[in-house]
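A look at the structure
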Amino acid sequence: TDKHRWWKEAVVYQVYPASFLDTNGDGWGDVPGITAKLDHLKTLGVDVIWVSPIYKSPQADMGYDIADYEDIDPIYGTLADVDYLIKEIKKRDMKLVMDLVVNHTSDQHDWFIDSRSSKESSKRDWYIWKPAKYDKDGNRQPPNNWAQILGEANSAWTWDEKSGEYYLSLFTPEQPDLNWESPAVREAVHHVLRFWLDRGASGFRMDVINLISKVQSFPDAETTVPNNKYQPGHKHFANGPRLHEFLKDINREVLSKYDTITVGEMPFVRDEDEIIRVVGAESGELNMIFAFDIVDIDNVPGDFKYTLYPWDARDLKRIVNRLQRLMLERDGWNSLFIENHDQPRSISRYTDDSDQWRDYGARLLCLMQTTLAGTLYVYQGEEIGMRNVPESWGKEEYKDIESINFFKKYEQMYPGDEEKLAYGRKIMQRKARDNARTPVQWDTSAHAGFTSASSTPWMRVNDDYKDINVARQFSDPNVITSVFAFWKRALANRKQHKDIFVYGDFGLIDAEHEKVVAYKRWSADEAVVVVLNLSGKEIEWKGIGSLKVKKWWAGNYDEKDLGEKAKEGTIVLRPWEGLIGG
Ligand code: TEU
Ligand code: CA
């Protein structure tokens, strides 16, 4: 119990504010919309609410381009609205986590406007400026070959005509990277953290925090994507030379003076020592990270993210086992997530989102997420089984800058090649970030109740809202007809048996099976078995062997039949069937 912490047991719910609930009829979700639904979240079993960026922003990347860290964007409301949100959250014994985006700012932030004004600006070194290179024909070239992350056809460097230099902009030109080598930048970031903690926030989700320290020689990246002029450069900026020093500073100067929850988004890095250096109990850096292993499972290795790669249950087991064991053996801490605003919907990605199977998939994934060790993150809409946008949607429905850049790149690469272009659309329907960003489906009224009937939502509502919506599920206590009720019960179980589910040990069962994910969780005095059929096929599973389950106590099919399930020998698992027993 000396290892128990409130932030380990917490259920965190991510709100993507633009798509949560619009209260003033302008088509954009807003802060009062979050306040209005706190009882929905409390009923579900949520403890902490993480809100994606609501700061002042030109919205080039939906608020991940911040123009003022200490003010709210008018489309979302005012600082007073946030103060009221915090008050109402605390009233319900919940906490607020802010999204801290400090690898870069907006190009409209005063700091950058000043920095780009001239080479002599006192803030010139707050960003990363470099002179041009010239090729043998005398053409101007960026300082190195790094690709822009949200638009791979482009350079990560943006030319500034007026001051005659390039600045680094890893995500888009509208998101210049801060220069963390400057002590003044680090001090300014510490100020932002204090500002929000003093206002009542309880912690931060730190956007791409592992990218803040770049290798200062800015070397070219090796070529891993043959058909692209620019290359993934992350070897030279992910978990760079001074990352741990900068994180320790933040902890010592700010976090250690408050009681916080911190989760650092950490793409590209798989190295176990690097992970433990950040999240180890003694590290003095962050509580936990978002590791990308599971959400990168269907990317072609070494290539960019918008590719399709076949995977099966064995890959998933390898990842889950590795992260579960790593944290147990080396006293670190996991975060559990399979959805967020950057990922497609989980039932579409990992199970079968057809009308027949979608809810089985939603419940199956819920069984997995709520029975693993770590702090659990639920993304808005996951609790009602929302799914990807339909295949019939054209590219004009996709609003994300990364999707727009992807469509553009495909059209440039394959002009007139209908087959290739159709394949590009298929990739987007499977993997675009837009899939997670359609408005929350509250009820069967116009626009799913997300906004008033007479207004136009900023992004199209998924056509399936008459079937999949909160109203239908919220008042239905039946865990088989309501995905919401299933999640609610699962979260309550997890808390009730936290010694097993949150803190307990973990061991895979039948690791080599191609379709079944099965594991044991145990504490000093209790053990449970979780069995998940990750396929649409019926399976006779022998992995149960000598486990001698006494009782199956929950499943994602009608639970009246649980008593008839085999408890040893061979057990028949129906398509997408999941079971917990002990
Ligand atoms: O995402 C960073 C990131 O690396 C990915 O999740 C990204 O969406 C994708 O994989 C790129 O191919 C964070 C935010 O979550 C994302 O919304 C922002 O766009 C990005 O940082 C920049 O702030
Ligand atoms: Ca609004």
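Since the structure is predicted, the reported quantities are computational estimates derived from the model, not experimental observations.

In this section: the overall build of the protein chain. If you tally the helices and strands in the protein chain, you get 16 helices and 24 strands. Among the 582 residues that make up the protein chain, the fraction classed as buried is 49%. Taking the intrachain contacts of the protein chain between residues at least 6 apart in sequence as the baseline, contacts between residues at least 24 apart amount to 66%.

Taken together, 13 residues lie around ligand 1, and Tyr64, Phe171, Pro267, Lys305 and Asp342 are the ones closest in. For the shell around ligand 1, the residue count by class is 7 nonpolar, 1 polar and 5 charged.

The strand order across the open sheet built from 3 strands is S6-S12-S11, with neighbouring strands paired in antiparallel fashion. The strands lining the two open edges of the sheet, one partner per strand, are strand S6 (129-130) and strand S11 (157-160). Across 2 bridges, the pairing between S6 and strand S12 (residues 165-168) is antiparallel. Following the sheet pairing, Trp129 is matched in S12 by Tyr167.

This next bit is on the domain arrangement of the protein chain. When its domains are assigned, the protein chain resolves into domain 1 (6-104 + 183-392 + 433-474), domain 2 (110-168), domain 3 (393-431) and domain 4 (505-581). Computed from C-alpha atoms alone, the centre-to-centre distance between domain 1 and domain 2 is 29 Å. Contacts between the two partners involve 13 residues from domain 1, matched on the other side by 12 residues from domain 2. Looking at side-chain class alone, the side of domain 1 that touches domain 2 contains 8 nonpolar, 3 polar and 2 charged residues.

Relative orientation of the contacting elements helix H6 (residues 183-198) and helix H7 (residues 243-253) amounts to 45°, with a least axis distance of 11 Å. Between H6 and H7, the angle is such that the two are oblique. For the pair H6 and H7, the sense of crossing is right-handed. Of H7, the residues touching H6 (which contributes Arg186, His190 and Leu193) are Phe246, Asp249, Ile250 and Glu253. The residue inventory of the contact of H6 with H7, partitioned by class, reads 3 nonpolar, 1 polar and 3 charged.

Glancing now at unusual backbone geometry. Phi angles above zero are rare outside glycine, and Val208 is one such case at about 30°. Located in the positive-phi region is Asn239, a residue other than glycine, with phi close to 50°. Tracing the backbone shows Asn239 in the loop between strand S13 (203-206) and H7. You can call Asn239 buried: it has 20 C-beta atoms within 10 Å.

For the rest of this paragraph, the subject is the nonpolar core. Core analysis: the largest hydrophobic core is formed by 155 residues, its most contacted members being Val12, Ile49, Val97, Ile289, Val516, Val530 and Leu532. Among the elements that make up this core, the one with the highest residue count is helix H11 (residues 358-369) (7 residues). Setting aside anything within four residues of it in sequence, one finds Ile289 in contact with Val263, Gly264, Met266, Ile275, Val278, Val279 and Ser335. Tyr398, Phe406, Tyr410 and Ala432 belong to the second-largest nonpolar core, a separate cluster that totals 6 residues.

So, about the environment of Ala485. By the secondary structure assignment, Ala485 is in helix H15 (residues 483-496). The exposure class of Ala485 is partly exposed, given the 19 C-beta atoms found within 10 Å. Put simply, Ala485 and Phe474 are 11 residues apart on the chain and 7.1 Å apart in space, counted from C-alpha to C-alpha. The residues contacting Ala485, other than those within four sequence positions of it, are Gln473, Asp476, Pro477, Asn478 and Val479.

With that settled, consider helix H9 (residues 313-330). The terminal C-alpha atoms of H9, which comprises 18 residues, lie 25 Å apart, in line with the 26 Å expected from a rise of 1.5 Å per residue. Within H9, burial applies to Lys317, Val320, Leu323, Gln324 and Met327. Along the axis of H9, the buried positions cluster into a sector of 145°, meaning they face one direction only. At its buried positions, H9 is contacted by strand S18 (505-509) and strand S19 (516-522).

Glancing now at the pairing of strand S1 (residues 11-15). Remember that side chains alternate between the two faces of the sheet whenever the strand is regular. Of all the 5 residues making up S1, 5 are buried; the element is thus mostly covered by neighbouring parts of the structure. Burial of S1 is two-sided: the residues Val11, Tyr13 and Val15 facing one way and the residues Val12 and Gln14 facing the other way are all buried. Sheet topology places S1 next to strand S17 (residues 375-379); 4 bridges connect them, and they run parallel. Of the residues in S17, the one forming a bridge with Gln14 is Tyr379. When S1 meets strand S2 (residues 48-51), the two strands line up parallel, connected through 4 bridges. Among the inter-strand pairings, Val12 is bridged to a residue of S2, identified as Val48.

Definitions and cut-offs
Sequence positions are assigned chain by chain, starting from 1 and proceeding in written order. Note on labels: chains are lettered from A, ligands numbered from 1, in written order. Totals for whole chains, interfaces and linings use every residue, but because this is a predicted model, local features are given only for residues with pLDDT of at least 70 and side-chain atom pairs only at 80 or more, for both listing and counting. Think of it this way: any DSSP run of H or I at least four residues long counts as a helix, any run of E at least two long counts as a strand, and we number them from the N terminus. Put plainly, a residue is buried at 20 or more neighbouring C-beta atoms within 10 Å of its own, exposed at 12 or fewer, and partly exposed in between, counting only other residues' C-beta atoms, which are placed from the backbone. What counts as a contact here is a pair of residues whose C-beta atoms, placed from the backbone, lie within 7 Å. We call a residue near a molecule or strand when its C-beta atom, built from the backbone, sits within 6 Å of it. Amino acids are sorted into nonpolar (Ala, Val, Leu, Ile, Met, Phe, Trp, Tyr, Cys and Pro), charged (Asp, Glu, Lys and Arg) and polar (every other residue, Gly among them). The rule for pairing is simple: two strands pair if DSSP sees at least two bridges between them. In this document the domain limits rely on a domain assignment from an automatic tool or a database. To obtain an axis, a line is fitted to C-alpha atoms, over the contacting stretch when the element is a helix, and the angle between two such axes runs from 0 to 180 degrees between their N-to-C directions. Working rule for angles: under 35 degrees goes down as roughly parallel, over 145 as roughly antiparallel, 65 to 115 as roughly perpendicular, anything else as oblique. Take the far helix as your reference; a near helix turned counterclockwise from it by less than a right angle gives a left-handed crossing, and one turned clockwise gives a right-handed crossing. The term nonpolar core refers to a group of buried residues, namely Ala, Val, Leu, Ile, Met, Phe, Trp, Tyr and Cys, whose C-beta atoms join them within 7 Å. For a helix, the expected span equals 1.5 Å multiplied by the residue count minus one. As used here, the arc is the angular range of directions from the helix axis to the C-beta atoms.

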